[in-house]
Amino acid sequence: MSILYNESKKTITLHTAKTTYQLKIGNLNYVNHLYYGATIHDEDLSYLIRRYDRGFSGNPYDSLKERTFSLDAQPQEFTTQQQGDFRINSIEVQNADGSFSFDGRYVSHKIYSGAFTLNGLPTAFANEKDTVDTLEVVLEDAVTKVQVTLLYSVFEEADIIMRAVRVRNGGEGTIALKRIMSLNMDYMNGGNLDMLSLPGRYGQERQVERQPLTHHVHKIRSGRGISSHQQNPFVALVDKKANEDYGACYGFALMYSGSFLTEVELDQYDQVRLVMGINDRLFSFHVAPGEEFDTPAVLMTYTHKGLTGMSHIYHDFFRNNLNRSKFVREVQRPILINTWEAAFFNFDDVKLVEIAKAAKGMGVEMIVMDDGWFGKRDDDNSGLGDWFVNEKKIKCGLTELVRQINDLGMKFGIWFEPEMVSEDSDLFRTHPDWVMEIPGRHAVRSRNQLVLDVSRKEVQDHLIASVNRILDSANIYYVKWDLNRAITDLWSNSLPAECQGEVSHRYVLGLYRVMEGIIKAHPDIMFEGCAGGGGRFDPAMLTFFVQYWSSDNTKPLDNLKLHYGSSFLYPVCTMGAHVSEASPMVPLETKAAIAMCGTFGYELDATKLKKKEVKACSKMSSLYHKFYDLNFFGDYYRLTSPFEPVNLVAWESVSKDKSEALVTVVTVNLTMNGPQEYIYCKGLAPDKLYKVDDGSNKVIASGMALMHAGIPIPREVPEFTAFLYHLKAVK
Ligand code: DGJ
């Protein structure tokens, strides 16, 4: 058991392989947080909490005039509301009598093996060989009988603790949750912490920012109804001295795809509180007597092995515990060519077959028919919602088109954007009340489209049936599931006025139900997520999609930053990346080397390539296969940062047994007559000898030499040259 209850000390200790987490049923049955960090054995750490009379920090009434006991200065597992703790809080509930108050005290706990699951929300799962135990701690407000259950699943070998919160209304009247966070994390002394997050924008998702915590509330949030291009539901709190290789790092990744909120407060006493969960803006969720409300889960980790150590924990976990699709590991993903940047809306069946024929010579194994094949869809003004084949474009019909593609020895993929509708569509004309639109107002248009009210069961059922009908009509191997606007106009015609604050979250729950009904119903189809690029790239989506389109920006140099930033949380095998015609000054080989730091594919008109280019692509495609296991399943190291003024951007994948590695180096700046530069490998076995193959030269050097003395990178090369160094252990 990785969870231990000490009856006499009233402590509960959670152990993963390399971390310990402790909480205590403390004074007046408030549950204190005592510790999260490197492994400590099962001692009672409550000596860490000191009490002082803190001015203006109130005392619970039953502390009997004990002025040194204030919740404002106590580390807690979850917060109260209006009990004298003035920091950010994890719950705001309006009780049936109209009061805003919650005073949760310990009433019970239980420990069991296996991971918790949530109603309608995705969670991580335990594999056969994983040791996973769960702790549930129940807090109750004695007056309202509102119960909050804190859920902790300890994934021992993975060093991950999955957390969430379940609210149960045990009272007699309906309550309204105005804020309910998935996790509350208190640090008694957090003045030494920096905050690292992944902000961005459309076309430039998941860039990296690191900033010191100041005495404020720092907020990372999306209010766009999707996890968004602008922020990612991930944050790390890291020791000021932590770097890639050393130092304490705490990671928090929220499994949620809608509007989210993370707040981090450094308070007056240098205590830090982090809360993370559903965004409380435009949120008010009613829970009737006897009903429950589940928050989304957070995947939390700690390591003292720096940022790389933290990324490795998440990469392994995402590859092992999020998605059961055979395309995660057992079946190698094919190299695809996507028609979007080749033809946009302008294609027909003949053109698709031509592209497929031409792409074959490039080593491409699958063609993906993007936006434009359905309804009346010649531009972005019409057609969304009408999921039937446009036979003016696909004249031979879908089944026949797929057959022709299959006859070429290629697989076939297709694009959908299920959640959206065009005003000029049969669906909108038939069901105008299915869109999100506030009565008496016009809905905001974005990319000329409106949002379907996916919170409604009949809309969900319609989407499941109409997408599945197409998927079952032909030999479809792959689906790209897109979304091209943010969610606005929160309103559902199926909910009463007082429940409109539930729409945003109900939309997300509805979406997960639709995805269950389509994706989980088709285990032989490979699904890639997309939201105008990486606008909904989050851990919850990865429980459905094996990969996610990183960005609509296919410029290779921008992708260096995008991949670097994404890699803090997401493994290479989840990041969709294509070679395209963007940035003609960058050689094709370099574009391919960069796309290999992702799932690799093409997004160009294959019929227009010169022979020489087809040959180069074919060579790069075989390298993708050659290095597939290394790239997809190896340990990934960021060797230099594209956010710093470097001349070389480099990264490396090392096989788990350290017998092989691939080092990729891209020359981003050529200085005339400059110094010789070296790239220093990481993660190799120091005493192993490696053959270093760069395609033309072969050197033999020890892991020690390659890590400490480095690899000299040739200087006199054309701009934006990429080097691939394949390291193979010879002894
Ligand atoms: C946005 C996606 O990111 C693109 O790749 C493409 O699929 C378009 N949508 C199609 O509308």
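Let us look at the structure shown here. (Residues numbered from 1 in each chain as written. Predicted model: local features only at pLDDT ≥ 70, side-chain atom pairs only at ≥ 80, totals over all residues. Heavy atoms only, no water.)

Some words on the site of the ligand
Near the ligand, the surroundings consist of 13 residues, among which D370, D371, K480, D482 and D552 are the closest. The side chain of R447 places a nitrogen or oxygen atom 2.8 Å from an oxygen atom of the ligand. K480 has a polar side-chain atom sitting 2.7 Å from an oxygen atom of the ligand. Relative to its free-state accessible area of 300 Å², the ligand is covered by the protein chains to the extent of 98%. For the shell around the ligand, a count of residues per class yields four nonpolar, three polar and six charged. (Near = heavy atom within 4 Å. Polar contact = N/O pair within 3.5 Å; in protein donor to acceptor, adjacent residues only side chain to side chain. Areas by Shrake-Rupley, 256 points an atom, 1.4 Å probe, with all protein chains shown as cover. Nonpolar A, V, L, I, M, F, W, Y, C, P; charged D, E, K, R; others polar.)

Quick notes on empty space enclosed by the protein
Within this structure, the stated rule accounts for five cavities of 30 Å³ or more. In this structure, the largest cavity occupies an estimated 100 Å³ of space. T554, P556, N559, H578 and A595 are the residues nearest the centre of the largest cavity, which is lined by 17 residues in total. Quantified by volume, the second largest cavity comes out at close to 90 Å³. (1 Å grid on protein atoms, 1.4 Å probe; cavity = no way out; pocket = protein on both sides within 12 Å on 5 of 7 lines; lining within 4 Å. Points joined across faces, edges and corners; volume = space filled by probe spheres on them.)

Focus: the nonpolar core
L237, F252, L299, M362, W373, I414 and Y602 are the most contacted members of the largest nonpolar core, which totals 191 residues. Ranked by residues supplied to this core, first place goes to helix α7 (residues 503–520) with nine residues. Split by domain, the residues of this core number at least three in each of domain 1 (3–321) and domain 2 (326–633). Of all hydrophobic cores here, the second largest spans 23 residues; its members include L639, A661, V665 and Y725. (Core = buried A, V, L, I, M, F, W, Y, C linked by side-chain atoms within 4.5 Å. Buried < 20%, exposed > 50% of the residue type's maximum accessible area, 1.4 Å probe, protein only. Helix = DSSP H or I, 4+ residues; strand = E, 2+ residues; numbered from the N terminus. Domains from an automatic or database assignment.)

Topic: the state of the cysteines
Following the criterion strictly, the structure yields zero disulfides and no others. Here C681 stays free of any disulfide, with the sulfur of C597 as its closest cysteine sulfur at 16 Å. On the accessibility criterion, C681 (3% relative accessible area) is buried. (Disulfide = S-S within 2.5 Å.)

Topic: the sheet that holds strand β2 (residues 11–15)
A sheet is described by the order of its strands in space; here four strands give the open sequence β1-β2-β3-β4, paired in antiparallel fashion. Two strands lie at the open edges of the sheet, namely β1 (3–6) and β4 (31–38), each paired on one side alone. Averaged over all pairs of adjacent strands, the angle between strand axes in this sheet comes to 15°, irrespective of strand direction. Two strands pair when backbone bridges link them, and β2 and strand β3 (residues 19–25) are joined in this way by five bridges, in the antiparallel orientation. The residue of β3 that forms the bridge with T13 is Q22. (Pairing = 2+ DSSP bridges. Axes fitted to C-alpha atoms, helices over the stretch in contact; angles between N-to-C directions.)

Regarding the pattern of salt bridges
For the structure on display, the rule yields 47 salt bridges. Across the salt bridge formed by K24 and D44, the nearest N and O atoms sit 3.3 Å from each other. Pair noted here: K24 is in strand β3 and D44 is in the loop between β4 and β5 (91–94), with a separation of 20 residues, a long-range link. R638 serves as the salt-bridge partner of E244, at 2.7 Å between the closest nitrogen and oxygen. You can see E244 sitting in the loop between β14 (234–239) and β15 (249–254) and its partner R638 sitting in strand β32 (residues 635–638), a full 394 residues away along the chain. The burial state of E244 is the same as that of R638; both residues are buried. One network of salt bridges, in which partners are shared, links D85, R87, D186 and R273. (Salt bridge = Lys/Arg side-chain N within 4 Å of Asp/Glu carboxyl O.)

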